[in-house]
Amino acid sequence: MSVILRWLTGFGRFWYGFVVGDDWTVAATVAVALAATWLLHTTGVAAWWLPPVAAVLAVGVSLRRTR
Amino acid sequence: MSHSSVFVVTFLGAAVEVIEMVVIVVGVGSVRGWRSTWFGAAAGLGVLAVLVLAFGTALRAVPIGVLRVVVGSLLLVFGLQWLRKGIRRVSVNGLRGMGERSASAEGVPASGVDWTAFVLSFKGVLLEGLEVAFIVVSVGLAARALVTAAVGAAAAFVALAGAGLLARGLVQRIPRSALQLAVGTLLSSFGTFWAVQGLGIGWPGEDGAILGLVGWYLLAAACYVWLLRHRAHRPAVQEPAGQEVGR
């Protein structure tokens, strides 16, 4: 059981590092921006511009934080 | 979305990783011998082909809207990671190539399989290729053009592997950092486009919005490269005399 658990943890860690990388805040910002975009869309507001703006700001903050 | 744009994105995305793959394989092969290196590379490529086929087939059953939100978000996060790395590397190294990676020639067996060469080559191809497989599956499925995406990546592999074998120095001189930055902008653009489209939100200008997104991310990358370079070259502020005492 512990071998399977260790393998699953390692597998999960690999994919996390692979997709998210060393700064989780960028992924979190993208997730929040997409959720906000969808919420604004349901209230009738055009919010297609929000994810690209949030993504660029997240990259800027990440570059500053991980100097 | 046209098949030609899927081809271009997967070709360039694969090229970034194939350069590194080729440099590893050519480096190992030229030092430790070619036979076991080829076996390792072929085994790595085989595993990658199986992964693309398995994930590609399994994920075809998922509804396109859900698929675009999930794949688009993943592609956006992954693309931003490359964009960030590309910005940082270009701001530090400019448009330099990646140079040579060497392997030790110690203990090469006279006959039989050289497992060091096999494992180095297999690992190099598989690990670098996983990112290619990710791009092929996500771009191919979101655009409903998996075959075109796979052909784009295969074309990058054939072109760069051929160039690597014919002129080793040529592949090492390709400015990988700049290419990574360019592909980061492309993946972020397509990721943004599909994630928003998958939410049921239309883009102004439909598919043409992708060009606007590419321009937006490129402009942002150029500004960040400039800012990082500017900050690195800024002279340190001189402290008044006597300030150091007591520190």
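Residues numbered from 1 in each chain as written. Chains lettered and ligands numbered in written order. Predicted model: local features only at pLDDT ≥ 70, side-chain atom pairs only at ≥ 80, totals over all residues. Heavy atoms only, no water.

Chemist: Is there a simple way to explain the overall build of chain B in this structure?
Modeler: Each helix and strand in chain B was counted, giving 8 helices and 0 strands. When the helices and strands of chain B are listed from N to C terminus, the series reads α-α-α-α-α-α-α-α. Residue burial in chain B is summarised as follows: out of 247 residues, 48% are buried. Surface exposure of chain B reaches about 11800 Å², of which carbon and sulfur atoms provide 68%. (Helix = DSSP H or I, 4+ residues; strand = E, 2+ residues; numbered from the N terminus. Buried < 20%, exposed > 50% of the residue type's maximum accessible area, 1.4 Å probe, protein only. Areas by Shrake-Rupley, 256 points an atom, 1.4 Å probe, with all protein chains shown as cover.)

Chemist: Is there a simple way to think about the packing of helix α1 (residues 2–19) of chain A against helix α3 (residues 64–93) of chain B in this case?
Modeler: As a packed pair, α1(A) and α3(B) sit with axes 8 Å apart at the nearest point and diverge in direction by 65°. Taken together, the axes of α1(A) and α3(B) are roughly perpendicular relative to one another. When α1(A) is examined against α3(B), the residues A:G17, A:F18 and A:V19 are found in contact with a partner set consisting of B:L74, B:V77, B:F78 and B:Q81. Classifying every residue of the contact of α1(A) with α3(B) gives 5 nonpolar, 2 polar and no charged. (Axes fitted to C-alpha atoms, helices over the stretch in contact; angles between N-to-C directions. Parallel < 35°, antiparallel > 145°, perpendicular 65-115°, else oblique. Contact = heavy atoms within 4.5 Å. Nonpolar A, V, L, I, M, F, W, Y, C, P; charged D, E, K, R; others polar.)

Chemist: Looking at this model, I keep getting lost on the nonpolar core. Mind explaining?
Modeler: Side chains of a nonpolar character, in soluble globular proteins, are inclined to be buried together. Judged by nonpolar contacts, the single largest core of 81 residues is most densely connected at B:L80, B:I87, B:L187, B:W194 and B:Y217. Residue contacts for B:I87: discarding those within four places in its chain leaves A:V59, A:L63, B:L181, B:A221, B:Y224, B:V225 and B:L228. (Core = buried A, V, L, I, M, F, W, Y, C linked by side-chain atoms within 4.5 Å.)

Chemist: I tried to follow the pattern of salt bridges on my own but got confused; where do I start?
Modeler: Oppositely charged side chains can form a pair if their charged atoms are brought close together. The final tally for this structure, using the stated rule, is 2 salt bridges over all chains. A salt bridge links B:R84 to A:D22; the nearest nitrogen and oxygen atoms lie 2.9 Å apart. One end of the pair, B:R84, is in helix α3; the other, A:D22, is in the loop between α1 and α2 (24–42), on a second chain. B:R84 sits in the buried class, given a relative accessible area of 6%. Take A:D22: its relative accessible area is 64%, and that puts it in the exposed class. Ionic pairing is found between A:D23 and A:R65, a salt bridge with its closest N-O pair at 2.6 Å. A residue pair is termed long-range when its members are at least 10 positions apart, and A:D23 in the loop between α1 and α2 and A:R65 in helix α3 (residues 50–65) qualify at 42 residues. (Salt bridge = Lys/Arg side-chain N within 4 Å of Asp/Glu carboxyl O.)

Chemist: Explain the packing of α3(B) against helix α7 (residues 176–198) of chain B to me, please; I cannot follow it from the model alone.
Modeler: In a packed pair of helices, the relevant descriptors are the angle between the two axes and the axis-to-axis distance. All names here are of chain B. At a closest axis distance of 6 Å, the pairing of α3 and α7 adopts a crossing angle of 155°. Taken together, the axes of α3 and α7 are roughly antiparallel relative to one another. Viewed along their axes, α3 and α7 form a crossing whose handedness is left-handed. Of the residues contributing to the contact of α3 with α7, the split by class is 16 nonpolar, 14 polar and 4 charged. (Left-handed = near helix turned anticlockwise from the far one by under 90°.)

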